[in-house]
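Commentary on secondary and tertiary structure
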Amino acid sequence: MLRKFGIRLDFGAEVCYTGVMDITNNKEGRPLAHFSSVFAGLDAFEAARRCGAAFDGAAFELSLFGRAVRVSHPSASFEPDGPAASKSLLLRYLAEGRLTPFNGSFLAYRDVPWGSLYDPNFQGRCVRRFAKFGRDVPRWSECMRASGARALPGRGDAAFDWDVLPGLTVRWILWSGDADDGIAPS
C-alpha cells in the first residue's frame with residue numbers, strides 16, 4: 001500500500017512529506033513470507049513426526065485453538081483461511097516446533113526459554129490487561145467457553161485451559177478481587 005505521511009515535531013509544527021512511501025507490514029507480512037519459504041523446504045514427514053501432526057502426503061492437519069486447520073505442503077495454503085498471525089504461528093510451529101509430552105506441570109511465561117527477558121512486557125501487555133476481565137467474570141467465562149476452552153472448577157473465580165496447538169495449553173486463572181477491601185482483579 002502506498003500512502004502519504006506526515007511528521008509532527010515536538011514543538012507543534014507539522015512537516016508534511018508530499019511523496020509516497022511503501023508501507024510494509026513488518027509485524028505480520030514479513031514473518032508470514034519468511035515462514036512460508038522455510039515451510040516450502042521442509043521434510044514434511046519429519047515435521048509431522050516431530051510436531052505430532054497428521055500429514056497425508058499433501059497437507060498437514062492439526063488444531064489451532066481447538067479448530068481443525070489444513071495446511072497444504074509446500075504451498076502453505078490454509079483451509080480454512082485465517083489471519084496472517086495465525087498462519088505464521090502454524091508455519092513456525094511446523095518448521096521449528098516439537099511436541100513434548102506433558103509432564104504434569106505448567107510453566108509461567110518467565111520460565112519458558114527467553115521468557116524472563118520479555119516477562120516485564122508480558123506482565124504489562126497481557127497479564128494486567130487480562131486482569132481487567134475480573135470485573136465481569138461471567139461474561140469472560142462465557143467467551144472462554146465459546147472459544148472452546150475447558151472450564152477448571154475450583155481455581156480462582158474462573159479458570160480455563162485453552163489448547164493453542166497440540167501439546168500446548170494455556171491455563172487462564174482469573175480472580176475478581178474485592179473492591180471493598182481494595183484488592184484489584186488479578
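Preceding block: the structure.
Calculation rules
- Residue numbers restart at each chain and count upward from 1, following the sequence in its written direction.
- Reporting of local features is limited, given that this is a predicted model, to residues whose pLDDT is at least 70; pairs of side-chain atoms are given and counted only at 80 or more, and all residues count toward the totals for whole chains, interfaces and linings.
- Heavy atoms throughout the structure, all of them, feed into the side-chain values; hydrogens and water do not.
- In this description a helix means any DSSP run of H or I spanning at least four residues, a strand means any run of E spanning at least two, and both kinds are numbered starting from the N terminus.
- Under the scheme applied here, a residue whose accessible area is under 20% of the maximum for its type counts as buried, over 50% as exposed, and between as partly exposed, the area being computed with a 1.4 Å probe on protein chains only.
- We call two residues in contact whenever any of their non-hydrogen atoms come within 4.5 Å of each other.
- Here, any two strands with at least 2 DSSP bridges between them count as paired.
- Interaxial angles span 0 to 180 degrees and are taken between N-to-C directions of axes, which are lines fitted to C-alpha atoms, for helices over the stretch in contact.
- Residues grouped as a nonpolar core are buried Ala, Val, Leu, Ile, Met, Phe, Trp, Tyr and Cys residues, joined through side-chain atoms within 4.5 Å.
- Roughly parallel means an angle under 35 degrees; roughly antiparallel, over 145; roughly perpendicular, 65 to 115; everything else is oblique.
- Under the grouping applied here, Gly and all other residues not named as nonpolar or charged are polar, the nonpolar ones being Ala, Val, Leu, Ile, Met, Phe, Trp, Tyr, Cys and Pro and the charged ones Asp, Glu, Lys and Arg.

**Observations concerning the overall build of the protein**
- Within the protein, the secondary structure is distributed over five helices and nine strands.
- For the protein, the sequential pattern of α-helices and β-strands runs β-β-α-α-β-β-β-β-α-α-α-β-β-β.
- Across the 186 residues in the protein, those meeting the buried criterion constitute 27%.
- Here the analysis covers contacts within the protein between residues at least 6 apart in sequence; of these, 39% occur between residues at least 24 apart.

**Description of the pairing of strand E9 (residues 168-174)**
- In this sheet, E9 lies alongside strand E8 (residues 158-165) in antiparallel orientation, the contact comprising seven bridges. Bridged to Asp-161 within E9 is Arg-171.

**Some remarks on the sheet that holds strand E7 (residues 150-151)**
- Spatial ordering of the open sheet is given by E7-E8-E9, a layout of three strands whose pairing is antiparallel. A strand with exactly one partner marks an edge of an open sheet, and here the two such strands are E7 and E9.

**Here we look at the sheet that holds strand E3 (residues 54-55)**
- Taken in spatial order, the four strands of this open sheet run E3-E4-E5-E6, and their pairing is antiparallel. Edge positions in the sheet fall to E3 and strand E6 (78-79), since each of these pairs with one other strand and no more.
- When strand E5 (residues 67-72) meets E6, the two strands line up antiparallel, connected through two bridges. What sits directly across from Arg-70, in E6, is Glu-79.
- Here helix H3 (residues 84-96) sits on the sheet in contact with strand E4 (59-64), E5 and E6, set at roughly 115 degrees to E4.

**Observations concerning the side chain of Asp-119**
- Position of Asp-119 among the secondary structure elements: in helix H4 (residues 115-131).
- When neighbours within four sequence positions are excluded, Asp-119 is seen to be in contact with Tyr-109 and Arg-110.

**Quick look at the nonpolar core**
- Counting 24 residues, the largest nonpolar core has Phe-39, Phe-60, Leu-62, Leu-91 and Leu-94 as its most contacted members.
- Those elements giving two or more residues to this core turn out to be helix H1 (29-40), helix H2 (44-51), E4, E5, H3 and E8.
- It is H3 that contributes the most residues to this core, five residues altogether.
- Once residues lying within four places of it in the same chain are set aside, the contact partners of Leu-91 are Leu-32, Phe-35, Ser-36, Phe-39, Val-71, Ala-76 and Phe-78.

**Re the packing of H2 against H3**
- Look at H2 against H3: their axes get within 8 Å of each other, and the N-to-C directions meet at 95 degrees. As judged from the angle between their axes, H2 and H3 are roughly perpendicular. Mapping the contact onto sequence places Ala-47, Arg-50 and Cys-51 in H2 and Tyr-93, Leu-94, Ala-95 and Glu-96 in H3.
- Residues of the contact of H2 with H3, tallied by class, amount to five nonpolar, no polar and two charged.

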